[in-house]
Amino acid sequence: MGPGLRGAAGTLLIRTEGSCCLLVTLLLFCGFWEARAQTDDGKSVYFWETGPWGRCMGSDCGPGGSQSRAVWCAHVDGWTTLHTNCDQGQRPSNQRNCFRVCDWHKDLYDWKLGVWNVCVPVSARTLWASRPFTCSGGEEGIQTREVGCILKSDASPAEDAICEYFEPKPRLEQACLIPCPQDCVLSEYSPWTSCSKTCGTGLRNRVRSVLVPPLFGGAVCLNLTEFQSCKAGSCAGPEGMHSLRVGPWSPCALPQTRTARQVKRRKGKGQGLRERAGVKDPETRELIQKKRTRNRLNRQESPFWDIQVGYQTRDVTCIHRNGSTVGRNLCTARDLPLTVQSCVLPKDCQVTDWAEWSPCSKTCVDPESPLGSRTRSRQVVQFPVGEGAECEPLEESQSCEPQGEGVPPCSNYTWRSTEWSDCRVDSLLGQQDRRRGNLTGLCGGGLQTREVYCVQANAELLKYLNDLREKDKAGQTQRQQKPSVPPLLSITFQITASHPVENKLCEGPIPNRSQLCQIPCPIDCEVSPWGAWGPCTFENCDDQAGKKGFKLRKRRITNEPTGGPGNCPHLVEAVPCDEPTCYAWQLVGLDECVPGDEKLCGPGAQLARVQCVNGTGEPVDRGLCTASPAPEPVPCEVPCSRDCVLSDWTPWSTCSQTCSSKTIEGKQLRTRSVLAYNAGEGGALCPNSSSLQEVRNCNEHACTVYHWQTGPWGPCTEDPSASTLNTTVGVRASGGGQAPCSTGMQTRKVICVRVNVGQVPPKKCPDGPRPSTVRPCQLPCKKDCIMTPFSDWTTCPVTCDADGNAVKNKQSRKRLIIQLPSNGGQDCPELLEEEKDCEVPKVCPGFRWKTHKWRKCQLVPWLLRQGRPGAQETCGPGLQTRAVSCRQLDGTQADFSECLKFAKAMPLITQRCQLPCQDDCQLTNWSKFSSCTADCVGVRTRKRALIGRSKKKDKCKNTQMYPLSETQYCPCDKYNAQPVGNWSDCILPEGGRVESILGMKVQGDIKECGQGYRYQAMVCYDQDNRLVETSRCNSHGYLEEACIIPCPSDCKLSEWSNWSRCSKSCGSGVKVRSKWLREKPYNGGRPCPKLDHINQVYEVVPCQSDCNQYVWVAEPWSVWKVSNVDLKENCGEGVQTRKVRCMLNTIDGPSESVEDYLCDPEEMPLGARESRLPCPEDCVLNDWGPWSRCSLPCTRTNNRVRLAYPLRSPSVGRECPDTADKEPCSLNLNCFNYFYNITDWSTCQLSPNAVCGSGIKTRMLDCVRSDGKSVNIKFCEELNLEKKWQMNISCVVECPVNCQMSEWSPWSDCSQMCGLDGKMWRRRSVVQASQGDGRPCPSQMEQWKPCPVRPCYRWQYSDWSECRVESVVCGHGMRYRNLSCLVSDGSGDGEGSSVDEELCSSLELAINGDKQINLKEVCTLPCPGECYLMEWSDWSSCVSICVKGAGVDFGSVQVRSRAVLAQEPENLQLCPDQAWESQPCTGGECYEYKWFSSGRLNSTRPSVWCKRSDGLNVTGGCPPLNPPVDNSSCEPPCFMPKSFCSEAGICMCEEAFTEVLSPTGQLNQCAPIPILEIPTAGDKKGDVKTSRAINPTLPTTIQPGRTGRTWYLQPYGPDGKLKMWVYGVAAGAFVLLIFIVSMIYLACKKPKRPQRQRQQNNRLKPLTLAYDGDTDM
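### A few points about the confidence of the model for the protein chain
Next up, step 1: For the protein chain, the average pLDDT comes to 79, and 83% of its residues sit at 70 or higher.
Next up, step 2: In the predicted structure, residues 1-41 sits below a pLDDT of 50 and forms eight contacts with residues beyond four places in sequence or in another chain.
Next up, step 3: Low confidence marks residues 1650-1673, where pLDDT is under 50. Its contacts with residues over four positions away, or in another chain, come to three contacts.

Okay, structure coming up:
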């Protein structure tokens, strides 16, 4: 059915269009015929249709709801009709009862999920199930399960709609993977065994083992044994045909009960003892009682054991070679083995019922881990005895939730911190910073730290809830005061802290322990230069009586200093003076000189223009100066026409001294010059040159300058007059500042100081400017010390010494300071940590088994033994038992369950024993070996002796059979120490470390460099090269060597150079200073800032130069030098010169000469002038005055003028020249516009005492002339130009924070408990990452050092002995193995060396984790001729069931097998079946299997074989499809190297080799294909890629009898993936298919008829453009 339908479907896909139409017509006809048939049959064409059921409605929850649906009548054609057309009897119901689901049903109903069924292949569920399937890795499948809604209470089914109301129905199917069948994989055969017979015809065998069992329906295992007949030679005599066979022991059984006589005998014996005991005195009775107690223990009178000694038997039969049993008389007579022996009757372990579950370990509510655990246990009633079943687990646990109401919440923990320490800047300083020596005054960015600790967050809540429970228990139901708020809100917390707990209890990130902080840098007070001395005035003009006067000079504060003006230097200096006045006339100017007597020339006077000023120079009412006479008119002279004319006096120069003394006087100078000479006789003569200058005294006051000097403000103290008192607070300030508590007072010392002398009486200084000595201040609140309570005491570790005595330990607790005291608060106690001794337990915890005396050896009852060959009544092999009890380490009796949990394996309670017979030789036990005088010298001996009658027996005197002494060499203990492994990291000594609760370091607490030590482990070997404890070599386990951890060295720069001069002498420029590199950083020091090409770093800041700082000063003009022409009259053309100097300008005027380049060269006055010297009777004008300023804006229509006035009127007939001169205003020549210019921001400038933090950026404002020249700022200020710029902004310089590391963690446990390669590690982490130019974090985050080498001891089985059967040839016997102690170095190389068992005594008695020690087991020794199973092979290596490279893994398995061995050819049909068993394992290896072949002759290996990817030759596992054909099928065979026989029977060459044929067409040799070297595009140094041809083609000439090579396109690569060309072919085929389909469609498509387009008014016509030749287009 399947293939046929598939073929039909395939046919439908390739039909033409006509076929499709025919098929559709056929289907429609069939449907119509079917409908007609129904109608013809008399059925109605109308039927009922129903809609989906609506939602369940109802007032009550549960099954009482109802739901409805729509029902209508429909025609078969699909249209709806009247209800009457349908059969009313068949109308479906439109309403039904339903289950109305409510929200609370969610707790009652749930989905029940069934178990997933077996995975079914997808192909089995599809139409193409019969197609062949090649398994590759696994087959896709589907598995299903049943899912239904159930009622939780009784698991009864319910409607699915109920559960679907709450959650969707779980999926019913899921994809699965069916692994491919795994065939059985066998190993290679072992070599042939020797022939089973030494004569006659026998068998030899070879066997193999199972490596991988058959899985998932794979092929079963082939025979594990291969037989081959052999004949060693003819037998000289008849072969032995019979042999004795020992059967297995029967189960242990009890002998018949004792007779009544024995019971009576024992009773009588007991009564006699009791009677005799009654006669003894009390002491004897007590001794007898102790002995009875001891004997009762020895007699196994314990409730845990019921040891019964029974017997067991076995048969001894005579067996023929063919396996049949014959009479015993046919077997050769020999000593028969024991057929009866004592045994322990097996008893299974019996335990009590389970006890009640313990309370849940979780007693609180924790949403994150809601579950706890609870346990229950049971006790042993009967221990297993003999071969009885072992005890089942005595304890089990399960998860649980806390039960009951009012379960409190669990403790949760959170991080808390102490307050931040004071901000410290020194931790940010570099190594070479000169400020390290003096830390006072440091400010700016700093670092502050705090401690972080863990506390219980809800301790107060839990205490509150616990108190409530205690009150309820006490019966206090009546509350005295009902809380008005919920309990969580009514808790009052004291101002205390929770006690710290272990940090590991806190989860989440640890809060920062350090942070950047800021110490505000103080702004120093800046003052202006001193002003000029004022007039001599009274201190107080209101009180002028008898007061002396003072001259004052002042300066002002130019910035806002920190702390106000109180920290500024004095601003007023005073000089005492005589004749003080409060008001004085001030000369404003002089009027023109007016000659007297109304003459035009001659002597006259100049009236003084004056104003009345006060002591500060401010104009006041003239009436205040009436007490002082007004200045008199100044005499002057108006030259006549023939008189000498002099210029006006220059202004007085600045005073040469600021004060006067006996040796120093202040002088002022003024000069004038000759403007015109007199005209011979009749004119006033010119004065001599000395009269052209005047000198006067100035600053005549003495150099006794006084000023008030203030001391620093004292501390703020309480003001007794204030009402508020300073209170003490314990709460930490949240913002880091200190809130004021009250107003206090500060005082300071104010003294009068004479300059250059010292303190003088206060009356010497004026009272007016005296500073205040008291000011109010805000008192900060007192802060008491706040500490955490003490933490809980650390746990006391219980450690015991070798003798079982407890070792004394200490426990400690600590507390932390949360807030340090300040402002006089309560101090912190000194005790922060307490320590005390732990309580030493009386008994060291631990349990051990105690064994009691062995009981008497118990024989099998004589009734059972008599008649046996060689049996004697009172001697022979037996069994003895002993008692075992559980003790504490001090010997106190303990419960057995304790030893079962904590002690080692239980000692044996039974053992075989031997009661010697009369003929047996009895000897004492061996004595101890004699002592050796020295190691490696001499021998030592031990002895034993014969006992009793054995001394007289000759056979016992045979020292070969019964040696009486043993001698051995004295032990030679020589030890050799040698280093092993690598040197550890360099480790610094741990002393002097500052401990903190978090294990983190504060910077500087831990030394991180310097001399340390590195370690190398030492190993100690004995003379047999066995590893021993290092103490044997007198070594502490390490080689120690000093090493150096280099200290980091920061980048070292020079100090800043001095600032350069400002680049501009007027306006804003820049000034520069620099540092240069002295030493580069190394070993992780602070990096250098960015340096230039000459390793310098610069700082450039803007600067402002006062444009009036340097001024040109011109001296008076020299005397005229008149030319020779008019020399007689001393007039005419002449020259005047003067000296011009650049001088430093001060507030008192130019003071000293400087270099000329500092002054503006454009403004330099002329040093010489040529002019005409007026002749007598000429008009003489004074020098031109300054030019007037041009009005803005500058236009040539505006003019500027300068004026002069006549000093001497001309004679009659002569005129004066113009007294006014003007010139037009020209832009940038004599008229200028002015505007402001703003400079760029400077770099962030810090205080000199700051390293980083908040700074300030500045910029300058220039006044710039329109020609680009910077001028005095006053020119812009006079124009009232707008200043819209901010000149200063704050900025931040990143702080150079060094990386801070945590402390090293404690050393970890050793990575190996023993051996050579053990390492201990310790780690640290980054607490504070480096910032800015701080020192980077070191790369070493962990360190290691070797562990002391300890020998690795372990228990190890020896190999099983051969199967031993007593004194017969075959049958059931025993095989044995020993338990030995081995030592190794833990490397895994070699098994190790055997050592004394005492060295393993501390180890648990277990082999590879298996505590069931088995030293003997039953075995079978085959009889001659018997076919039997070998012993189990070793477990194979773990193999993963997988597909290599595909990522598919179905688990791992290992297997062992038993092969069959046969000895007689005729018994082969009697052989048992071979056996194998498997078990899961972990870590299996994934292998591939491939066919291999070889053409070498005379090889033991087959020509074709299967090989596993690990190189193991196997049988099975290789793909069964097309294995390589054996070379024997090729004629002639393929014996050439690298050749093989192909499927076509032709000799071919292996991959990478090509065939070289002989002239006859036979393969001559396989030649390697030459390698073509193709350099790649990325080759640089001859990197060559090789390309080798694969599967080269054969020659085109095909020889007779030899077919051509067949090419196979392999779509899969060696990795199992599709090759690239497959994708290309598929893409090409797809494109070709699309093309063919498109062509067929276009060919079959009928052309459409052209349709006339109707004009539609409601559509826009397309715009048609036609070019008519017009150029405008």
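### Regarding the packing of aromatic side chains
Next up, step 1: Here the structure, examined in full by the defined rule, presents 11 aromatic pairs.
Next up, step 2: Taking the centre distance of 5.6 Å and the plane angle of 55° together, the rings of Phe 383 and Phe 896 count as tilted. Of this pair, Phe 383 sits in the loop between β23 (380-382) and β24 (395-400) while Phe 896 sits in helix α8 (residues 896-902), placing them 513 residues apart in sequence.
Next up, step 3: Connected via pairs of aromatic rings, a cluster forms that spans Phe 383, Trp 849 and Phe 896.

### Side note on the side chain of Lys 1269
Next up, step 1: Along the polypeptide, Lys 1269 turns up in the loop between β79 (1261-1265) and β80 (1270-1271).
Next up, step 2: Exposure remark for Lys 1269: the relative accessible area of 18% places this residue in the buried category.
Next up, step 3: Setting aside residues no more than four positions away along its own chain, Lys 1269 makes contact with Asp 1160, Glu 1162, Glu 1163, Cys 1263 and Val 1264.

### A short note on the state of the cysteines
Next up, step 1: Taken as a whole and assessed by the stated rule, the structure comprises 56 disulfides.
Next up, step 2: Between Cys 1020 and Cys 1033 runs a disulfide, and the two sulfur atoms are separated by 1.8 Å. Here the disulfide of Cys 1020 and Cys 1033 is right-handed, its torsion about the S-S bond being about 80°. Remark: Cys 1033 occurs in the loop between β62 (1027-1028) and β63 (1038-1045) and Cys 1020 occurs in strand β61 (residues 1010-1021); sequence separation between them is 13 residues. Here the two residues Cys 1020 and Cys 1033 agree in accessibility, since each one is buried.

### Concerning the sheet that holds strand β65 (residues 1067-1079)
What links the strands of a sheet is backbone hydrogen bonding, and the strands pair in either a parallel or an antiparallel sense.
Next up, step 1: Read across the open sheet, the three strands follow the order β64-β65-β66; overall the sheet is antiparallel. Both outer strands of the open sheet, β64 (1052-1053) and β66 (1096-1105), are each paired with one neighbouring strand and no more.

### Observations concerning the pattern of salt bridges
Next up, step 1: This structure, assessed with the given rule, holds 41 salt bridges.
Next up, step 2: Note that Lys 169 and Asp 160 form a salt bridge whose closest N and O atoms lie 2.9 Å from each other.
Next up, step 3: Linking Glu 1115 and Arg 1141 is a salt bridge whose minimum nitrogen-to-oxygen distance equals 3.7 Å. With Glu 1115 in the loop between β67 (1110-1114) and β68 (1121-1122) and Arg 1141 in strand β70 (residues 1140-1146), the pair connects residues that are 26 residues apart, well separated along the chain.
Next up, step 4: On the accessibility criterion, Glu 1115 (32% relative accessible area) is partly exposed.
Next up, step 5: Using a relative accessible area of 30% as the deciding quantity, one classes Arg 1141 as partly exposed.
Next up, step 6: One salt-bridge network, in which partners are shared between bridges, spans Asp 1160, Glu 1162, Arg 1265, Asp 1267 and Lys 1269.

The rules behind the values
In this convention, every chain numbers its residues from 1, walking through the sequence in written order. pLDDT decides what is reported in this predicted model: residues at 70 or higher carry local features, side-chain atom pairs at 80 or more are listed and counted, and totals for whole chains, interfaces and linings draw on all residues regardless. The side-chain quantities take in all heavy atoms of the structure and omit both hydrogens and water. Values of pLDDT, ranging from 0 to 100, describe the predictor's confidence in every residue of the model. When checking whether two residues touch, look at their non-hydrogen atoms; a contact exists if any pair is within 4.5 Å. Here the aromatic set is Phe, Tyr and Trp, taking the six-membered ring for Trp, and pairing holds for ring centres within 6.5 Å; pairs whose planes are under 30 degrees apart are stacked, those over 60 apart are edge-to-face, and all others are tilted. Counting from the N terminus, the helices are the DSSP runs of H or I reaching at least four residues and the strands are the DSSP runs of E reaching at least two. For every residue, the accessible area obtained with a 1.4 Å probe (protein chains only) is divided by the maximum for its type, and the residue is called buried under 20%, exposed over 50%, and partly exposed between those limits. Throughout, disulfides are identified as pairs of cysteine sulfur atoms within 2.5 Å of each other. Following DSSP output, two strands are said to pair if at least two bridges run between them. What counts as a salt bridge is simple: a side-chain nitrogen of Lys or Arg found within 4 Å of a carboxyl oxygen of Asp or Glu.

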